[in-house]
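Structure at a glance
Single-letter residue listing:
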Amino acid sequence: MREHNFGYFFHEGLSSIISHGFMSFAAVGTTVACLLIMGTFTLVAVNANAQLKDLEQANEILAYVEEDYTTQQAKTLQKKIEALPGVTTATYITRAEAMTAFAEKYPEEALFQDLDPNILRDRYAIRIADLTRLNETVQSVEAIEGIARVNAYEELAGGFITIRNIAAVICIALMAILMVVSVFIISNTIKLTTFDRKEEIAIMKMVGATNGFIRWPFVYEGFILGLLGAIIAFFLQWGLYRAIAEGITASDTMRLLTILPFEQFWIPVAAIFVAAGIVIGVFGSLSAIHKFLFV
């Protein structure tokens, strides 16, 4: 009886799942819901974090120099700006260069072709290393003598940071709650089996069956339920993610968002889903069978 008979244990676990169809369906469904919600909020956090990194690479804050500063005076500010914590580069842009950039950006607007560059200000295009310190960096730049004002998209960066943080917190909270619910339902599903087989378990113990031999069919049952839930949840997550990504891409108002392709991280998502599903299923089965081994 000590030999681990995979075929026997698997058959017993599968038979138990089929015989308790509704509860098995509920157990799989709850596991799917747990993993799907957990995965959705995790992917939101991942995309928000990727968006922040894109902004860190592409986003610039513009620091405008005082109007009465000469070109030489304006250039002396560069070292002061680059010396600030969080600043990676500071590029000096003259009035003429700014006007040229405007004209190239809006070639269809004849207005920009005839404007006098002197209506603009010399400025610095500043790149920062960490968007979470954007407000702090803006204040430091504004404090430099010779800087009139700073233009930064603080609300945009702050919005992505908030989304990422909220998604991470919700993901952790819901994952904990739903995992407990999933374990509870799987545990109760397997308890039905143990009630049906209570006398059989007692007889097996009297003839010398080890706790391990008795426990394995129930462990396989939990394993199958958890694995089945993980597989269904993964493909639902894939389809849901692609549908949302296509919707955002097709939307004119949301083209600002960059959605990472699911193919880029499907392997770790699949691995996490399978691992979480198996842990939920096996832990639920072990908690259900424990007390019935001492009859």
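Our subject is the structure that appears above.
Thresholds, definitions, all that
Residues numbered from 1 in each chain as written. Predicted model: local features only at pLDDT ≥ 70, side-chain atom pairs only at ≥ 80, totals over all residues. Heavy atoms only, no water. Helix = DSSP H or I, 4+ residues; strand = E, 2+ residues; numbered from the N terminus. Buried < 20%, exposed > 50% of the residue type's maximum accessible area, 1.4 Å probe, protein only. Contact = heavy atoms within 4.5 Å. Areas by Shrake-Rupley, 256 points an atom, 1.4 Å probe, with all protein chains shown as cover. Axes fitted to C-alpha atoms, helices over the stretch in contact; angles between N-to-C directions. Parallel < 35°, antiparallel > 145°, perpendicular 65-115°, else oblique. Left-handed = near helix turned anticlockwise from the far one by under 90°. Nonpolar A, V, L, I, M, F, W, Y, C, P; charged D, E, K, R; others polar. Core = buried A, V, L, I, M, F, W, Y, C linked by side-chain atoms within 4.5 Å. Salt bridge = Lys/Arg side-chain N within 4 Å of Asp/Glu carboxyl O. Patch = residues over 30% accessible without salt bridge, like charges linked within 9 Å, V, L, I, M, F, W, Y side chains within 5 Å. Phe/Tyr/Trp six-rings, centres within 6.5 Å; stacked < 30°, edge-to-face > 60°. Lys NZ or Arg CZ within 6 Å of the ring centre and 35° of its normal. Arc of directions from axis to C-beta. Pairing = 2+ DSSP bridges.

**Thoughts on the overall build of the protein**
- Across its full length, the protein carries eleven helices and four strands.
- Expressed as a percentage of its 295 residues, the buried residues of the protein come to 38%.
- In the protein, once contacts between residues fewer than 6 apart in sequence are set aside, the share between residues at least 24 apart is 82%.
- Element-wise, carbon and sulfur atoms account for 64% of the exposed surface of the protein, whose accessible area totals about 16400 Å².

**With respect to the packing of helix H1 (residues 6–19) against helix H10 (residues 211–250)**
- Their axes nearest at 8 Å, the elements H1 and H10 cross at an angle of 60°. The angle between H1 and H10 falls in the class oblique. The handedness of the crossing between H1 and H10 is right-handed. When H1 is examined against H10, the residues Phe6, Tyr8, Phe9, Phe10, Glu12, Gly13, Leu14, Ser16 and Ile17 are found in contact with a partner set consisting of Phe213, Trp216, Pro217, Tyr220, Glu221, Ile224 and Leu225.
- Residue composition of the contact of H1 with H10, by class: twelve nonpolar, two polar and two charged.

**Some points on the nonpolar core**
- Judged by nonpolar contacts, the single largest core of 22 residues is most densely connected at Leu35, Phe262, Phe265, Val269 and Phe273.
- Contributions of two or more residues to this core are made by helix H2 (21–58), H10 and helix H11 (266–289).
- Here the element with the most residues in this core is H2; it accounts for seven residues.
- In contact with Val269, not counting residues within four places along its chain, are Leu43, Phe234 and Phe262.

**Section: the pattern of salt bridges**
- Under the defined criterion, the tally for this structure stands at one salt bridge.
- Of the charged contacts in the structure, one is a salt bridge between Arg95 and Asp122, with a shortest N-O distance of 3.7 Å. Of this pair, Arg95 sits in helix H5 (residues 95–105) while Asp122 sits in the loop between helix H6 (110–114) and strand S3 (123–128), and the two are 27 residues apart along the sequence. We note that Arg95, like Asp122, is buried.

**As for a nonpolar patch on the surface**
- Among the surface-exposed residues, Phe6, Phe10, Leu14 and Ile18 lie close enough to one another that they form a single nonpolar patch of about 400 Å² accessible area.
- The residue Phe6 is located in helix H1 in this model.
- The exposure class of Phe6 is exposed, given its relative accessible area of 51%.

**Some points on the packing of aromatic side chains**
- The tally for this structure, following the rule as stated, stands at eleven aromatic pairs.
- Aromatic pair Phe262 and Phe265: ring centres 5.7 Å apart, planes at 70°, arrangement edge-to-face.
- A relative accessible area of 2% places Phe262 in the buried class.
- What links up through ring pairs into an aromatic cluster is the set Phe234, Phe235, Trp238, Tyr241, Phe262, Phe265 and Trp266.
- We note Arg149 situated over the ring of Tyr64; from NZ or CZ to the ring centre the distance is 4.3 Å.

**Observations regarding helix H7 (residues 134–142)**
- Buried within H7 are the following residues: Leu134, Thr137, Val138 and Val141. The buried residues of H7 all sit within an arc of 100° when viewed along its axis, so they share a single face.

**Thoughts on the sheet that holds strand S4 (residues 147–151)**
- Pairing within the open sheet is antiparallel, and its four strands lie in the order S2-S3-S1-S4. For this open sheet the edge positions go to strand S2 (87–93) and S4, each flanked by a neighbour on one side alone. Neighbour-to-neighbour, the strand axes of this sheet turn through a mean angle of 20°, independent of strand direction.
- Of the strand pairs in this sheet, strand S1 (residues 61–65) and S4 are connected by four bridges, and their pairing is antiparallel. Among the inter-strand pairings, Val65 is bridged to a residue of S4, identified as Ile147.

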